[in-house]
Amino acid sequence: MQRAPPLEQNGLYSKLSSKHAALKKAVVFYQRIFQLKRDIHLEMCYVIVTSRTLLWTLLTVATTLSMLAAVVTPTWLVGAPRRPGLKAGSPQDLYSPSLGIYNRCIKIHQINHLYSDNCAPFVRSFGMSTDQFPDFWKASLVFFGCGLALMTLTLLASVIGCCFRSLFKKSIFTLSGTVQAVAGLFYILGLMLYPAGWNSRRVHLICGDTAEPFWPGDCSLGLAFYLAIGSTVVTFLCSVLSVQAEVSTSTDKVQDEILEGKTLICLV
């Protein structure tokens, strides 16, 4: 009896091998497609809001707006009460001039010997002399601007964090917390540099010749300065709360809500 030729000789083995390889590639391809769809589904289709993420978001918004208000308010230094110009009159005519980082409030002379409040920036450019715009105040303004820019980024991240929980394979909450800590450091530098410029001529006009770095002379610290300090403290608090916000989106309750097929998840 004549034996059948081996499979290698009639080409059946090679055909089966090629079909098996093609089938294997197709299976791997569809597995990758399924995994990609699953990842997109997990990342994009769920809106998760918890009490801690909401608290972190609201505090981030509040401290950013309060720091912005502090920077633009010209009441960092408040001078002693005085009368406008050389005018002599009753105690009701007294007013207190004030200074901010880049603006001031005084009374200016108007028509018919009337005086009116005038609050406006005194900065024309960063090239002004240090007597008119102290170099320390220039640096302070830059640091506050950088801190506010970083906090604005975390505001966007707090909104995006409801849907996307990671960015570049890193938690969006912990990344935002790190950025907020850096913003807080910028705020501290700005707060420390502002008193260092109190020996300028502009400050002496408001606070007297006794004003020196870190000593305001006849002036007192205004509301805006304390508001900036409070905003700095709350910024670091937001940085700490970002960790708790991340934890609250990964609890068993959240996973149970996801398994139930809910796309909008709100938990206390």
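Cut-offs used in this document
- All residue numbers refer to positions counted from 1 along the written sequence of the respective chain.
- Selection of residues for local features in this predicted model requires a pLDDT of at least 70, selection of side-chain atom pairs for listing and counting requires 80 or more, and totals for whole chains, interfaces and linings are taken over all residues.
- For the side-chain quantities, the full set of heavy atoms in the structure was used; hydrogens and water were omitted.
- UniProt positions are given in the numbering used here, feature names are shortened, and annotations may be inferred rather than shown by experiment.
- Put simply, DSSP H or I for four residues or longer makes a helix, DSSP E for two residues or longer makes a strand, and each gets a number counted from the N terminus.
- The rule for a salt bridge is simple: a side-chain nitrogen of Lys or Arg has to be within 4 Å of a carboxyl oxygen of Asp or Glu.
- A 1.4 Å probe rolled over the protein chains alone gives each residue an accessible area, and that area as a share of the maximum for its type sets the label: buried under 20%, exposed over 50%, partly exposed in between.
- Our working definition of a disulfide is a cysteine sulfur pair at a distance within 2.5 Å.

Looking at an unreviewed UniProt entry, the chain carries the name Lipoma HMGIC fusion partner-like 2 protein, with the source organism given as Oedothorax gibbosus. As stated in UniProt under Subcellular location (unreviewed entry), the record for the chain gives "Membrane".

**Student:** What is the right way to look at the UniProt feature "transmembrane region" (unreviewed entry) in the chain in this model?
**Tutor:** UniProt marks residues 54-77, 136-160, 172-194 and 223-243 with the feature "transmembrane region" (unreviewed entry), using the numbering shown here. Across residues 223-243, the secondary structure splits into 100% helix and 0% strand, with the terminal C-alpha atoms separated by 31 Å.

**Student:** For this particular structure, what's the right way to read the pattern of salt bridges?
**Tutor:** Should their charged atoms come close, side chains of opposite charge can pair. What the rule picks out here adds up to one salt bridge. Between Lys138 and Asp135 there is a salt bridge, with its nearest N and O atoms 3.3 Å apart. Separated by three residues within a single helix, Lys138 and Asp135 lie in helix H4 (residues 135-160), roughly one turn from each other. Assessed through its relative accessible area of 10%, Lys138 is described here as buried. Under the relative-accessibility criterion, Asp135 is labelled partly exposed at 45%.

**Student:** Sorry if this is basic, but what is going on with the state of the cysteines here?
**Tutor:** A covalent bond between the sulfur atoms of two cysteines is referred to as a disulfide. Applying the stated rule across the entire model yields two disulfides. Disulfide partner of Cys105: Cys119, at an S-S distance of 1.7 Å. One disulfide, between Cys105 and Cys119, carries an S-S torsion of 120° and so falls in the right-handed class. Taken together, the residues span a long stretch of sequence, with Cys105 in strand S4 (residues 103-109) and Cys119 in strand S5 (residues 115-121) at a distance of 14 residues. For Cys105, a relative accessible area of 14% corresponds to the buried category. Here Cys207 engages in a disulfide with Cys219; their sulfurs sit 1.9 Å apart. When the S-S torsion is -95°, as for the bridge of Cys207 with Cys219, the disulfide is left-handed. A residue pair is termed long-range when its members are at least 10 positions apart, and Cys207 in helix H6 (residues 201-207) and Cys219 in the loop between H6 and strand S8 (220-221) qualify at twelve residues.

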